[in-house]
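# Residue-level structure breakdown
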Amino acid sequence: MEIDTETIEYGKPLPDAFIGQVKAKVYANERGRLSAEEFAEQGQRLVEQGYEMDFTDFNRVREGEKGPLFGVAETIKKARGNEDLYVLTARAPESQKAIYEFLKQQGLEFKEDNIVGLGNSTGEAKANWIIDKAAEGFNDFYFADDAIQNVKAVKTALSVIDVKSKVQQARLNTSEKMNAEFNNIIEQSSGIDASKVFSDVKAELRGGKKKGQRFFIPPSAEDFQGLLYVTLPKGIKGEKAYKFYQDALLDPYTRAMTNLSTSRVNIMSDFKTLKKELDVPKDLKKETASGFTNEQAVRVYLWNQLGEKIPGLSKTDLKELTDIVNADPKLSVFADQILRITKGDGYSTPSKGWANGTITTDLLEVLNKTKRTKYLKTWQENVDVIFSTENLNKLEAAYGTKYRQAVENSLARMKTGSNRVAGGNRLSNQVLDYINNSTGVTMFLNARSALLQTISSANYINWSFNNPYKAGKAFANQPQFWKDFKMLINSDYLKDRRNGLKLNVSESEIANAAKTGKNKAKAVLSYLLEKGYAPTKYADSFAIAFGGASYYRNRVKDLMKNQSLSEVEASERALKEWRAESEKSQQSADPSKISAQQSSDLGRVVLQYVNTPMQYARLQKRDIQDIANKRRMPGKTLAESNRVRVSRVIYYAAIQNLIFNAMQQGLFALGFGDTDISDDEQKKIIKGANGMLDSSLRGLGFAGVTVQVLKNLGIDIYERSQKNRPEYVDAWIKLLEFSPAIKSKLGRFKSAAYPFDNKQKREEVFEKGFALNNPAYESAAKVITATTNIPLDRVMSKTNNLVRAFDDDVEAWMSVAMIMGWPEWQLTDKGDDNTSENVFGNKSFKGSSNNPFAKAAKKSKNKNPFAK
């Protein structure tokens, strides 16, 4: 009787064992430890570079736990003893002792000689072992494995031998158990019996009557984790349910995204190195006599090698292009090497418009389709079980039709990696691209946004292993702190985050358009806007690495002290937790962190710049849910858990919100004036408080944005009513706050017309003629930017701000603030005599004769500007 425990396939992640689930790592000298996933990606390259691999860790059992067939093995042993009970493993024979001791500790003792290490991961090796046993006289076999190729190999071998046998894939048992556990969770949460089955029609009828989970944030505005939270029972049952989701869905997805990040960084790095070593960049763009380029010839050559049918290409063209590559040794070597850097995952599949693509777009397709599918295999298998049609019907009946739609939307996007759900016509997609690029204009070389991005480094502070005292202590150890910082900022995770602009929905799509755009003019514009994000994306990486350095170091110490892990093991786990914490508390464009609202066409127009507020709102909601339902955090008492959650809610709702909006509004400038707060300064404070409320409201999705806009419209109407001669004709423009991008565009047109709105200003424009200080130039730049999304006015504004910052009459602190991106009107205390504010919130100075800093300079004369 044979029970297979595990299969370690060369270069692939370690699957679950059947009797005991264990983990192992690969060691590379002078580099440290590689996980099985990392070895799959980096192993071959490291060996070629001269590294020696040490597989001895596979001979040990780490983090072991009972597998799904442990109970079956126990039953067999009780019935027949352990004489014919075998553990068949792909590990080396040296692993025998460790596996024996592990199973013995779990209460299942095998004969030590019956633990067989094949040292071979192929299905044929296991099939041959079975045949040898049949030759010894065994005639009744029960074989189980979670790798389908092993199941097929053994089943084929047994089919030609005249013996009784049963071969099954252990995944089936795991699936049944997983399905049963999920249905038990739904029963505990909703009261619907675990065995209850709903037809499509009944689920739709019952779900249509549900009002849905509307507390705080509706399902359509939730991310994937928030949708799972809806189903959690109260108390300890809820804690166990979340652990189930963590093991079955969240962790497999995180592992897949970690592997994909590493693959993306490696494959692009290898491609860049390959082009450099073979000196091919210029040759690739060179056109052949028939009009094709060498790059297209290489792509056709690769597809032909793989047997792909190339749409629209004649046999004559195919021969001509393949002959070009075959006749040029440099191109043929280049083509062969491209297949090597994909590490066994082949090449892309040619589509109808393949001629508009490049090798880069083909490699991105390999990453986003082939490799993503491979890495998500475990996650997808679990999703297919947990979110089967029957279970989705039950979810719809329990929580409503909108909840089911949100779940299906999230799963579809997580599977493909795209937040733009397929659909829509060409024109609507072009409009969305146009709006996305408009947000890129606002963020172009936005130094202030970059500085504000660094505030999020405080998100890594907690009340346990990285509390303020311990974080400060870690920072005080400067050599270690900056060593950790350097490691984190150069990690594959942050490299991939910077390269793909994974900060927001709009940013990620601009980056993708820059790399894959078929329209060259649009691709160039997207490339330009992507480069304009440089300050923000590097500030984002700085914040994650700076805040994460103390988090990582203190977590390593905590794991070594409290869980007795080695430094290598603690480091690996701390890195995983740092990445998970970063994805949770930093803005992210990962589909699992994006809601159905944000991914919709309307969301792209309305919910711009709200990734961070929405993520923080969800964090607060989940903390409140856990407090209300008395669910503990792992390793903490309920009281300790609640203290952490309350402090976290206060931090995200008030403290960080206050700091961000105070910085955004330039309220720090108040500290450099007189002790008395003027009316204008008081207005700034009120505006800052209103900004805090706006941030919180926009974090709730469409409903919150609606409340925010109507609130601000009411405030505007009230303020107009307080004037001597109220005018309400253009109050409606406040409604444009529904879409920041549209408001920005129309605001540019409005301010562009400002120099021409009366006779005196028009005369000034024509008097100055071609002088550089003619305001007509700025107006023209605004019109060009609003129309084309070319950030010309941003360049002019940045230039003027920098020039003004270095004027002699500007104080030092103001110069610094202006260099960092704050406009001069936000830093000064001016009345209506000095400035005008149009209805879009854009301020400008009325004439150049007034010194905009005169009042501030007068206030701070003979005073230490930092005294306050």
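Note that the structure is a prediction, hence the values are computed from the model and not measured. (Residues numbered from 1 in each chain as written. Predicted model: local features only at pLDDT ≥ 70, side-chain atom pairs only at ≥ 80, totals over all residues. Heavy atoms only, no water.)

### Looking at the overall build of the chain
Defined as follows: Segments assigned H or I by DSSP are reported as helices when at least four residues long, segments assigned E as strands when at least two residues long, and all are numbered from the N terminus. Buried, partly exposed and exposed residues are distinguished by accessible area as a fraction of the type maximum, computed with a 1.4 Å probe on protein chains only: under 20%, between the cut-offs, and over 50%, respectively. Contacts are residue-level and defined by heavy atoms, with any inter-residue pair within 4.5 Å sufficient. Accessible surface area values rest on a Shrake-Rupley calculation with a 1.4 Å probe, where residue burial reflects the displayed protein chains alone.
Tallying secondary structure elements over the chain gives 39 helices and 12 strands in all. Counting across all 868 residues of the chain, residues that qualify as buried make up 49%. Restricting to contacts in the chain with at least 6 residues of sequence separation, those with at least 24 account for 71%. For the chain, the exposed surface amounts to about 42,200 Å²; the carbon and sulfur share of it is 55%.

### Some remarks on the packing of helix α9 (residues 235–278) against helix α13 (residues 329–341)
Rules: The angle between two axes is taken between their N-to-C directions and runs from 0 to 180 degrees, where each axis is a line fitted to C-alpha atoms and a helix contributes only its stretch in contact. Any angle that is under 35 degrees is reported as roughly parallel, and any over 145 degrees as roughly antiparallel; angles of 65 to 115 degrees are reported as roughly perpendicular and all others as oblique. For any pair of crossing helices, the crossing counts as left-handed if the nearer helix is rotated counterclockwise from the farther one by less than a right angle, and right-handed if it is rotated clockwise. For this classification, Asp, Glu, Lys and Arg are treated as charged, while Ala, Val, Leu, Ile, Met, Phe, Trp, Tyr, Cys and Pro are nonpolar and the rest, including Gly, are polar.
Two numbers describe how α9 lies on α13: the axes approach to 10 Å, and their chain directions differ by 165°. With respect to α13, the element α9 is oriented roughly antiparallel. Handedness of the crossing formed by α9 with α13: right-handed. Side by side, α9 and α13 meet where I267, D270, F271, L274, K275 and L278 of the first sit next to K330, V333, F334, Q337, I338 and I341 of the second. Counted by class, the contact of α9 with α13 contains eight nonpolar, one polar and three charged residues.

### Quick look at the packing of aromatic side chains
To describe a pair of aromatic rings, one takes the distance between the centres and the angle between the planes. Under the convention used in this document: Stacked, edge-to-face and tilted are the three classes for Phe, Tyr and Trp ring pairs, Trp counted by its six-membered ring, which pair at centre distances within 6.5 Å; planes under 30 degrees apart are stacked, over 60 edge-to-face, the rest tilted.
In this structure the tally under the stated criterion is 24 aromatic pairs. Both rings, one in W303 and one in Y347, keep their centres 6.1 Å apart while their planes meet at 50°; by these two values the pair is tilted. Linking W303 in helix α11 (residues 294–305) with Y347 in the loop between α13 and α14 (359–375), this pair joins segments that are 44 residues apart in sequence. When sorted by exposure, W303 lands in the same class as Y347, which is buried. Residues Y616 and Y652 carry aromatic rings whose centres are separated by 4.6 Å and whose planes lie at 35° to one another, so their mutual orientation is tilted. Of this pair, Y616 sits in helix α29 (residues 611–628) while Y652 sits in helix α30 (residues 638–664); the two residues are 36 residues apart in sequence, bridging distant segments of the chain. For the pair Y616 and Y652, one class covers both residues: buried. Linked through ring pairs, F475, F481, W482, F485, F542 and F546 together constitute an aromatic cluster.

### Points about the nonpolar core
Most often, soluble globular proteins have nonpolar side chains that are buried together. Cut-off, in case you're wondering: Put simply, a nonpolar core is a bunch of buried Ala, Val, Leu, Ile, Met, Phe, Trp, Tyr and Cys residues held in one set by side-chain atoms that sit within 4.5 Å of each other.
Membership of the largest hydrophobic core comes to 40 residues, with the highest contact counts inside it found for L249 and F387. Among the elements of the structure, α6 (171–190), α8 (224–229), α9, α15 (377–386), α16 (389–399) and α17 (401–416) are those that each provide at least two residues to this core. Of all the elements, α9 adds the most residues to this core, at 10 residues. Dropping the residues within four chain positions of it, L249 is found in contact with F224, L228, W379, N382, V383, I386 and F387. Of all hydrophobic cores here, the second largest spans 28 residues; its members include I267, V298, V325 and Y347.

### Describing the environment of N437
Relative to the assigned elements, N437 resides in helix α18 (residues 426–442). Classification of N437 as buried rests on a relative accessible area of 9%. Measuring from C-alpha to C-alpha, the distance between N437 and A741 comes to 9.1 Å, with 304 residues separating the pair along the chain.

### Digging into the pairing of strand β7 (residues 86–89)
Note the threshold: Two strands form a pair only when DSSP identifies at least two bridges running between them.
Side chains Y86 and L88 of β7 all project onto a buried face; the interleaved residues V87 and T89 project onto the opposite face, where all are buried too. Of the strand pairs in this sheet, β7 and strand β8 (residues 115–117) are connected by three bridges, and their pairing is parallel. Bridge pairing in β8 links L88 to V116.

### Things to note about the side chain of Q586
What counts is decided by this rule: Contacts described as polar in this section are N or O atom pairs within 3.5 Å, which, within protein, must combine one atom able to donate a hydrogen with one able to accept it, while residues neighboring in sequence count only if both atoms come from side chains.
Residue placement: Q586 occurs in the loop between α26 (567–585) and α27 (596–599). Within the structure, the side chain of Q586 is placed 2.7 Å from the side chain of S456, a separation counted as a polar contact. What Q586 contacts, discounting residues up to four positions off in sequence, is S456, N459, Y460, R497, I544, E581 and Q615.

### With respect to the side chain of E569
Mapped onto the secondary structure, E569 falls in helix α26. At 3.1 Å, the side chain of E569 and the backbone nitrogen of S566 are in polar contact.

### Here's the deal with the packing of helix α31 (residues 679–698) against helix α32 (residues 702–721)
Between α31 and α32, whose axes approach to 7 Å, the crossing angle comes to 155°. By the angle between their axes, α31 is roughly antiparallel relative to α32. In contact with N690, L693, D694, L697 and R698 of α31, α32 contributes G704, V705, V707, Q708, K711, N712 and I715. Residues belonging to the contact of α31 with α32 are distributed by class as follows: five nonpolar, four polar and three charged.

### So, the environment of D492
For D492, the location among the structural elements is in helix α22 (residues 492–500). Residue class for D492 comes out partly exposed when judged on its relative accessible area of 23%. Taking C-alpha positions, D492 is 8.3 Å from T258, a pair spaced 234 residues apart along the chain. Side-chain polar atoms of D492 contact the side chain of T262, separated by 3.4 Å.

### Let's talk about unusual backbone geometry
Although it is not a glycine, Y609 sits at a positive phi angle of roughly 60°. On the secondary structure map, Y609 appears in the loop between α28 (601–606) and α29. You can call Y609 partly exposed: its relative accessible area is 32%. Despite not being glycine, K630 has its phi angle at roughly 55°, a positive value.

### What to know about a nonpolar patch on the surface
Applied cut-off: Like-charged residues are merged into a patch within 9 Å and nonpolar side chains (Val, Leu, Ile, Met, Phe, Trp, Tyr) within 5 Å, provided each residue has over 30% relative accessible area and no salt bridge. Each salt bridge in this description consists of a side-chain nitrogen of Lys or Arg and a carboxyl oxygen of Asp or Glu lying within 4 Å of one another.
There is a patch of nonpolar side chains on the surface, built from V646, I650, I655 and I659 and spanning about 320 Å² of accessible area. Here I655 lies in helix α30. The partly exposed category is assigned to I655, whose relative accessible area is 41%.

### Regarding the confidence of the model for the chain
Condition: Residue-level confidence of the predictor is summarised by pLDDT, bounded by 0 at the bottom and 100 at the top.
The predicted model of the chain has a mean per-residue pLDDT of 78, with 78% of residues at 70 or higher. In this model, residues 502–511 is a region of pLDDT below 50 whose contacts with residues beyond four sequence positions or in other chains number 45 contacts. Taken as a whole, residues 831–868 scores under 50 in pLDDT and shows 73 contacts with residues more than four places along the chain or in a different chain.

### Regarding helix α25 (residues 534–562)
The line we're drawing: An expected span of 1.5 Å times one less than the residue number is assigned to each helix. Note that bend, as reported per residue, equals the angle between axes fitted to the 7 residues terminating at that residue and the 7 residues originating from it.
Across its 29 residues, α25 extends 41 Å between first and last C-alpha, which sits within 8% of the 42 Å expected from 1.5 Å per residue. Along α25, the sharpest change in direction is near 35° and occurs at G548. Remark: S564 follows α25 within two positions and exhibits a positive phi of approximately 55°.

### Description of a positive patch on the surface
Note the threshold: Charge counting follows a simple rule: Lys and Arg are positive, Asp and Glu are negative, and His as well as the terminal groups are ignored. Working definition for charges: the position is that of NZ of Lys, CZ of Arg, CG of Asp or CD of Glu.
Where like charges cluster on the molecular surface, the positive patch consists of K196, K202, R206 and K210. Tracing the chain through its elements places K196 in the loop between α6 and α7 (200–208). On the basis of relative accessible area, K196 is assigned to the partly exposed category, the value being 36%.

### What about the pattern of salt bridges?
Scanning all chains against the criterion turns up 32 salt bridges. As a salt-bridge pair, K371 and D345 come within 2.6 Å of each other at their nearest N and O atoms. In this pair, K371 is assigned in helix α14 and D345 in the loop between α13 and α14, connecting sequence segments 26 residues apart. For K371, a relative accessible area of 2% gives the class buried. Judged by relative accessible area, which is 14%, D345 ranks as buried. The closest approach of N and O atoms between D626 and R645, which form a salt bridge, is 3.6 Å.

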